Amino acid sequence: ESEDISLRERIIQTEEALMKEAAQDFEFSDLWVERAAFLLWGGRQDVVDEVWLEKITNAENPSGGWGDGVGTVSNPHSTALATWTLVQATGQCPL
């Protein structure tokens, strides 16, 4: 049981760190969308709001993928993170 408490505390600390980093760095990037994906995966829908989702949607390239930043060449990693984030947030696949 003490391991569960320790793990829970670590998860909370990680969530807090991700939220703090996201508040300081609000420019779309691969790392930024990764923060959103992991916060949603951790059940923090209260943090990843419409503004976050709009930022992800607006960063989509004409090719349908996402890059490491706005206007950069699409790559599989960023595209997977953005898609995963949007699916978690909306319950719908954007493809």
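Residues numbered from 1 in each chain as written. Predicted model: local features only at pLDDT ≥ 70, side-chain atom pairs only at ≥ 80, totals over all residues. Heavy atoms only, no water.

### Examining the nonpolar core
In globular proteins that are soluble, nonpolar side chains generally tend to be buried together.
Part 1: Counting 19 residues, the largest nonpolar core has F28, V33, V48, W52, I56 and W66 as its most contacted members.
Part 2: Mapped onto this core, the elements with two or more residues apiece are α1 (2-24), α2 (30-41), α3 (50-58) and α4 (76-90).
Part 3: A total of 6 residues in this core trace back to one element, the largest contributor, which is α2.
Part 4: Leaving out residues up to four positions away in the same chain, I56 has contacts with F28, W32, V33, A36, W66, A82, T85 and L86. (Core = buried A, V, L, I, M, F, W, Y, C linked by side-chain atoms within 4.5 Å. Buried < 20%, exposed > 50% of the residue type's maximum accessible area, 1.4 Å probe, protein only. Helix = DSSP H or I, 4+ residues; strand = E, 2+ residues; numbered from the N terminus. Contact = heavy atoms within 4.5 Å.)

### Here we look at the confidence of the model for the protein
Part 1: Here the protein averages 86 in pLDDT, while 94% of its residues score no lower than 70.
Part 2: No element of the protein has a lower mean pLDDT than α1, which averages 77, and none a higher one than α4, which averages 94. (pLDDT = per-residue confidence, 0-100.)

### Quick word on the packing of aromatic side chains
Part 1: Evaluation of the coordinates by the stated rule reveals 4 aromatic pairs.
Part 2: Aromatic pair F38 and W84: ring centres 5.6 Å apart, planes at 85 degrees, arrangement edge-to-face. In this pair, F38 is assigned in helix α2 and W84 in helix α4, connecting sequence segments 46 residues apart.
Part 3: Judged by relative accessible area, which is 39%, F38 ranks as partly exposed.
Part 4: Given the relative accessible area of 32%, W84 is considered partly exposed.
Part 5: Each residue in the set F28, W32 and W52 is aromatic and connected to the rest through ring pairs, giving one cluster.
Part 6: Of note, K55 hangs over the ring of W32, and the distance from its end group to the ring centre comes to 6.0 Å. (Phe/Tyr/Trp six-rings, centres within 6.5 Å; stacked < 30°, edge-to-face > 60°. Lys NZ or Arg CZ within 6 Å of the ring centre and 35° of its normal.)

### A short note on the pattern of salt bridges
Part 1: A full pass over the atoms with the stated rule returns 2 salt bridges.
Part 2: D46 serves as the salt-bridge partner of R44, at 2.8 Å between the closest nitrogen and oxygen.
Part 3: Look at the salt bridges and you will find they share partners, linking E15, R44 and D46 into a network. (Salt bridge = Lys/Arg side-chain N within 4 Å of Asp/Glu carboxyl O.)

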